[in-house]
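Structural overview for review
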Amino acid sequence: MATRIQFENNCEVGVFSKLTNAYCLVAIGGSENFYSAFEAELADAIPVVKTSIGGTRIIGRLCVGNKNGLLLPHTTTDQELQHLRNCLPDQVVVQRIDERLSALGNCIACNDHVALTHPDLDKATEEFIADVLGVEVFRQTIAGNILVGSYCAFSNRGGLVHPHTSVEDLDELSTLLQVPLVAGTVNRGSEVIAAGMTVNDWTAFCGSDTTATELSVIESVFKLREGQPTAIVEDMRKSLIDSYV
Amino acid sequence: MLPGSAPAAGGTGMFVPAATAGTVLCCMCGVSMQPNPANMCARCLRARVDITEGVPRHAAVVYCPDCSSYLQPPRSWLRATPESPELMQILLRRINRPLARLRVSLSGAEFVFSEPHSKRLRLKLRLRREVLHGIVLEQTHPVEFVVHDRLCDSCSRAQANPDQWVAVVQLRQHVPHRRTFLYLEQLLLKHGQASLAIRVAAAPSGLDFFFGSRSHAARLVDFLATVAPIQTSTAKQLVSHDTKSSVYNYKYTFSVEICPICREDLIALSRQASRDMGGLGPLVLCVKVTNAIALLDPLTLRVHHLEEKKYRVYNFKAALTSKQLVEYIVLDIEQESPEISIDGSRYQLAYAQVARVSDFGKNDTIFTVRTHLGHLLNPGDHALGYDLYGANLNDDDMDTAMTRYSLPEVVLVKKSYEKRPRTRRWKLKRLPVEEDAANKAKGEEEKRLDEYEAFLRDLELDPEMRFKMDLYKNEDYRSEMASTVGDDIPTVPIEELIEDLTLGDDEDDDGEEAV
């Protein structure tokens with residue numbers, strides 16, 4: 001299900017949070033509303049961790065990760081690194097890398113199998129990505145923009161890209177990523193997709209300016225509306241089965 | 001080649017991949033559309049953003065109903081007809097400043113119909129403005145102008161006192177006829193010198209021109225000085241006086257007196273005058289009046305030009321004027337010397353035997369005279385001349401001249417032609433002169449008409465005089481008349497005529513277009 005939230009009255013929730021299938025990182029805000037929104041949705045499934053990176057709150061744009069690992073820029077302090085290592089599950093490899101383009105979230109977009117990167121990324125970084133995240137790396141641009149991490153957001157089930165992407169580009173990306181892609185907007189016409197929303201395989205969080213049309217597009221392309229059949233069965237099981245023999 | 005590398009960065013450089021724009025859903029209404037910087041369909045954009053916010057919907061213009069002009073603040077009044085480009089310019093200037101302040105640009109404007117008496121002018125403007133993310137939106141915007149009536153300065157001045165004049169030129173010539181004024185009237189029309197006059201009134205022996213400013217009057221006086229021998233004197237009268245700013249308002253009067261000698265006047269010169277002019281015979285004929293008088297001695301064919309100032313020294317009057325011309329019939333003519341040309345006019349000395357038409361069948365009175373019209377006269381022609389034989393003159397100079405010299409009995413002045421038909425191919429324009437109804441004598445109307453007829457006849461004879469004025473084509477002229485009239489009579493050739501300008505929707509001239 002897609003939820004509309006705000007971080008301290010700002011609709012760019014993708015800047016202040018990072019959502020994957022195994023964990024969720026949230027920025028430290030003045031009020032607890034942002035954190036509790038994530039908690040309410042995800043608490044029973046994955047850990048929700050409050051953190052900062054390099055003393056800043058724009059964690060969504062500085063780090064990149066999936067269920068296998070998390071990559072942090074060189075500006076991350078040791079305490080933050082340690083905190084993250086402690087809070088995250090053991091199978092998630094937390095690694096700090098030395099990369100000139102330190103806003104990793106803007107340069108790299110990934111799901112559990114494929115990653116798209118900025119065309120000027122270091123070769124070493126590319127290898128790190130392939131090792132730590134366990135993904136296949138492709139250098140691409142989206143609608144002529146090199147910051148692929150900002151202008152697209154994709155999960156294992158679907159993806160949303162910059163609205164000006166041409167049909168040929170869309171086809172090409174779709175073949176690379178092996179997921180259905182759609183060009184759309186978020187936060188009432190904003191083109192910076194990844195800054196306006198954050199998504200994983202079963203849930204998405206968008207800025208509160210997102211219109212109903214955009215929300216329906218997001219829900220349909222990321223296949224969030226089908227609901228979780230397992231959850232339904234789980235609920236019904238309690239009423240269906242009295243007791244185990 | 002890496003599967004992910006962009007094709008434009010490839011080696012060839014010439015290859016540009018096809019890029020068809022996909023469709024996105026409008027973020028507001030969900031309709032499928034081409035992506036644009038706002039990612040909203042045009043309708044949602046227009047609904048959300050109103051670019052005409054802050055642009056005035058009502059404005060006011062000031063209009064003068066008398067001269068149908070509109071005020072352009074602070075002070076200029078511009079003439080404009082309804083729904084004309086000038087009016088649109090005036091209206092657009094009224095709302096230009098708010099438009100510029102809002103950074104809205106005008107891409108078109110047109111008039112919307114409004115009732116002529118509704119005192120409202122409606123414009124439909126097409127405005128263009130840049131909104132979020134660099135999109136330029138265009139929207140129509142109606143503006144209504146309320147028209148306020150107010151007399152402009154010149155109309156209110158005219159309204160308050162229509163006869164208000166500041167300067168007057170009083171043109172006088174103390175002769176019994178008005179030929180000079182008819183001629184001057186045509187000259188003024190040709191040069192447009194009377195266009196600035198508020199009023200033109202006729203006075204007992206002249207004309208009065210009223211002007212709104214002294215300089216206009218002075219301009220007319222300067223013009224008159226170049227075409228007629230005049231003497232001017234000026235006077236001014238204090239009308240009002242502003243003590244604070246020391247501004248004095250006057251009424252100026254220019255008294256212009258034209259020399260009383262006219263064309264075809266016979267003058268007897270005094271001994272002094274005759275001697276000063278180099279022994280010009282005592283009898284002279286005035287042949288041309290410009291800003292100097294040309295005096296011709298008919299017996300020696302000598303012309304002397306006398307300036308106004310020199311004239312004032314002698315101040316002689318005409319002994320005989322054109323009213324006293326008598327008709328003669330030429331019985332015989334004998335050229336004495338070859339034809340000469342002085343000042344553009346041709347003269348030829350000849351001996352002529354003439355008899356008065358009144359005497360012609362009755363008695364044998366024949367005069368043999370020397371005349372300067374040898375080139376024109378043939379036996380059997382009629383001529384007009386002064387009858388000194390039978391005249392009773394009241395002129396001292398003439399008396400002295402008669403006693404000292406032997407004067408000719410007849411001085412022939414011009415050839416006369418038979419009466420011509422009523423309608424002429426050409427006509428003249430007249431100045432709008434107010435007649436002085438109080439001072440009219442009985443029979444003056446008829447006298448004036450006769451004088452005018454004589455003036456027109458003179459025009460036909462004299463091509464030089466015609467050159468100085470404008471003749472217009474007479475639309476009512478019937479061309480069948482031309483064939484019946486004898487060929488000897490000089491008529492105005494059609495090349496000299498000007499097409500008169502008539503306003504209104506008449507069909508193109510047919511037939512008469514010989515030019």
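Residues numbered from 1 in each chain as written. Chains lettered and ligands numbered in written order. Predicted model: local features only at pLDDT ≥ 70, side-chain atom pairs only at ≥ 80, totals over all residues. Heavy atoms only, no water.

By the naming in an unreviewed UniProt entry, chain B goes by 60S ribosomal export protein NMD3 and is assigned to Miscanthus lutarioriparius. Turning to chain B, the UniProt annotation filed under Sequence similarities (unreviewed entry) states: "Belongs to the NMD3 family." (UniProt positions renumbered as here; feature names shortened; annotations may be inferred.)

Labelled according to an unreviewed UniProt entry, chain A appears under the name Eukaryotic translation initiation factor 6, originating from Miscanthus lutarioriparius. Per UniProt, the comment on chain A under Subunit (unreviewed entry) is "Monomer. Associates with the 60S ribosomal subunit." Its UniProt record, at the heading Sequence similarities (unreviewed entry), says of chain A: "Belongs to the eIF-6 family."

With that settled, the discussion passes to the overall build of chain A. In terms of helices and strands, chain A carries 11 helices and 15 strands. Here chain A, with 245 residues, has 54% of them falling under the buried criterion. The contacts in chain A between residues at least 6 apart in sequence include a share of 59% that link residues at least 24 apart. As displayed, chain A offers around 10,500 Å² of accessible surface, 51% of which is attributable to carbon and sulfur atoms. (Helix = DSSP H or I, 4+ residues; strand = E, 2+ residues; numbered from the N terminus. Buried < 20%, exposed > 50% of the residue type's maximum accessible area, 1.4 Å probe, protein only. Contact = heavy atoms within 4.5 Å. Areas by Shrake-Rupley, 256 points an atom, 1.4 Å probe, with all protein chains shown as cover.)

Turning to the overall build of chain B, a few remarks are in order. Helix and strand counts for chain B come out as 12 helices and 27 strands. Sorting the 515 residues of chain B into buried and exposed places 41% on the buried side. Carbon and sulfur atoms make up 51% of the accessible area of chain B, which totals about 29,300 Å².

Within the structure shown, the criterion is met by 11 aromatic pairs over all chains. With 5.1 Å between their ring centres and 75 degrees between their planes, Phe34 of chain A and Phe38 of chain A make a pair best called edge-to-face. Of this pair, Phe34 of chain A and Phe38 of chain A both sit in helix α2 (residues 33-42), four residues apart, roughly one helical turn. For the pair Phe34 of chain A and Phe38 of chain A, a shared accessibility class is recorded, and that class is buried. Note on Tyr311 of chain B and Phe316 of chain B: the rings are 5.2 Å apart at their centroids and 90 degrees apart in plane angle, and the pair reads as edge-to-face. (Phe/Tyr/Trp six-rings, centres within 6.5 Å; stacked < 30°, edge-to-face > 60°.)

A word on the nonpolar core. All names here are of chain B. Ranked by size, the top nonpolar core spans 41 residues in total, and within it Val169, Leu171, Phe209, Phe211, Trp426, Leu428 and Phe455 carry the most contacts. Elements with a contribution of two residues or more to this core: β9 (167-172), α5 (179-191), β10 (199-203), β11 (206-211), α6 (214-227), β13 (247-258) and α10 (444-461). Sequence-distant contacts of Phe209, that is, excluding residues within four places in its chain, are made with Ala167, Val168, Val169, Leu171, Leu188, Ala194, Arg199, Val200, Leu220 and Leu431. (Core = buried A, V, L, I, M, F, W, Y, C linked by side-chain atoms within 4.5 Å.)

Turning our attention to the sheet that holds strand β9 (residues 114-117) of chain A. Residue and element names in this part refer to chain A. Spatially, β8-β9-β10 is the arrangement adopted by the three strands of the open sheet, whose pairing is mixed. Each edge of the open sheet carries a strand with a single partner, namely β8 (108-110) and β10 (136-139). Strand-to-strand twist in this sheet, taken as the mean axis angle between neighbours without regard to direction, amounts to 20 degrees. In this structure, β9 lies alongside β10, joined through four bridges in parallel fashion. Looking at the pairing, Thr117 lines up with Arg139 of β10. (Pairing = 2+ DSSP bridges. Axes fitted to C-alpha atoms, helices over the stretch in contact; angles between N-to-C directions.)

Turning our attention to the interface of chain A and chain B. A common way to state how big an interface is: give the accessible area lost once the parts meet. Counting residues at the interface gives 22 residues for chain A and 22 residues for chain B. For the pairing of chain A and chain B, the buried interface totals around 1,500 Å² over both sides, and the portion due to carbon and sulfur atoms is 56%. Across the chain A-chain B interface, the total number found is zero salt bridges. Summed over the shared surface of chain A and chain B, the number is two residue pairs in polar contact (both at pLDDT 80 or more). Every element with two or more residues in the side of chain A that touches chain B is listed here: β10, α8 (167-177) and α10 (212-221) of chain A. Sort the elements by how many residues they give to the side of chain A that touches chain B and α8 of chain A lands first, with four residues. When the residues that make up the side of chain A that touches chain B are grouped by side-chain class, the tally is six nonpolar, 10 polar and six charged. (Buried area = accessible area lost by both parts, 1.4 Å probe. Salt bridge = Lys/Arg side-chain N within 4 Å of Asp/Glu carboxyl O. Polar contact = N/O pair within 3.5 Å; in protein donor to acceptor, adjacent residues only side chain to side chain. Nonpolar A, V, L, I, M, F, W, Y, C, P; charged D, E, K, R; others polar.)

To continue, consider the side chain of Arg139 of chain A. All names here are of chain A. Locating Arg139 in the fold gives a position in strand β10. Here Pro119 takes part through its backbone oxygen, which lies 2.4 Å from a polar atom of the side chain of Arg139. Polar contacts involving the side chain of Arg139 include one to the main-chain carbonyl oxygen of Leu121, which spans 2.9 Å.

This brings us to the sheet that holds strand β14 (residues 197-199) of chain A. Two pairing modes exist for strands in a sheet, parallel and antiparallel, and in both the strands are linked by backbone hydrogen bonds. Residues and elements named next belong to chain A. Read across the open sheet, the three strands follow the order β1-β15-β14; overall the sheet is mixed. In this open sheet, the two edge strands, each paired with only one partner strand, are β1 (2-5) and β14. Recorded for the sheet is a direction-independent mean angle of 20 degrees between the axes of neighbouring strands. In this sheet, strand β15 (residues 204-207) lies alongside β14 in antiparallel orientation, the contact comprising three bridges. Bridge pairing links Thr198 to Phe205 in β15. Taken strand by strand, α10 contacts β1, β14 and β15, and its axis lies near 140 degrees from that of β1.

A word on the pairing of strand β3 (residues 58-64) of chain B. All names here are of chain B. The buried fraction of β3 is high, at five of seven residues. Sheet analysis places β3 next to strand β8 (residues 135-149), joined by six bridges and oriented parallel. Each bridged residue has a counterpart across the sheet, and for Val61 the counterpart in β8 is Val147. What sits between the antiparallel neighbours β3 and strand β4 (residues 69-72) is a turn of four residues, in which Ser68 has the positive phi angle 40 degrees.

On to the pattern of salt bridges, then. All names here are of chain B. Tallied over the entire structure, the rule returns 24 salt bridges over all chains. Note that Glu138 is salt-bridged to Arg128, the shortest N-O span being 2.7 Å. On the criterion of sequence distance, the pair formed by Glu138 in strand β8 and Arg128 in strand β7 (residues 120-131) is long-range, its members being 10 residues apart. For Glu138, a relative accessible area of 35% puts it in the partly exposed group.

All names here are of chain B. Its 18 residues give α10 an end-to-end C-alpha distance of 26 Å, which sits within 8% of 26 Å, the value for a rise of 1.5 Å per residue. Listing the buried residues of α10 in full gives Glu444, Glu451, Tyr452, Glu453, Phe455, Leu456, Asp458, Leu459 and Glu460. Buried residues along α10 sit in contact with α5, β24 (410-416), β25 (426-427) and α11 (463-467). (Expected span 1.5 Å × (residues − 1).)

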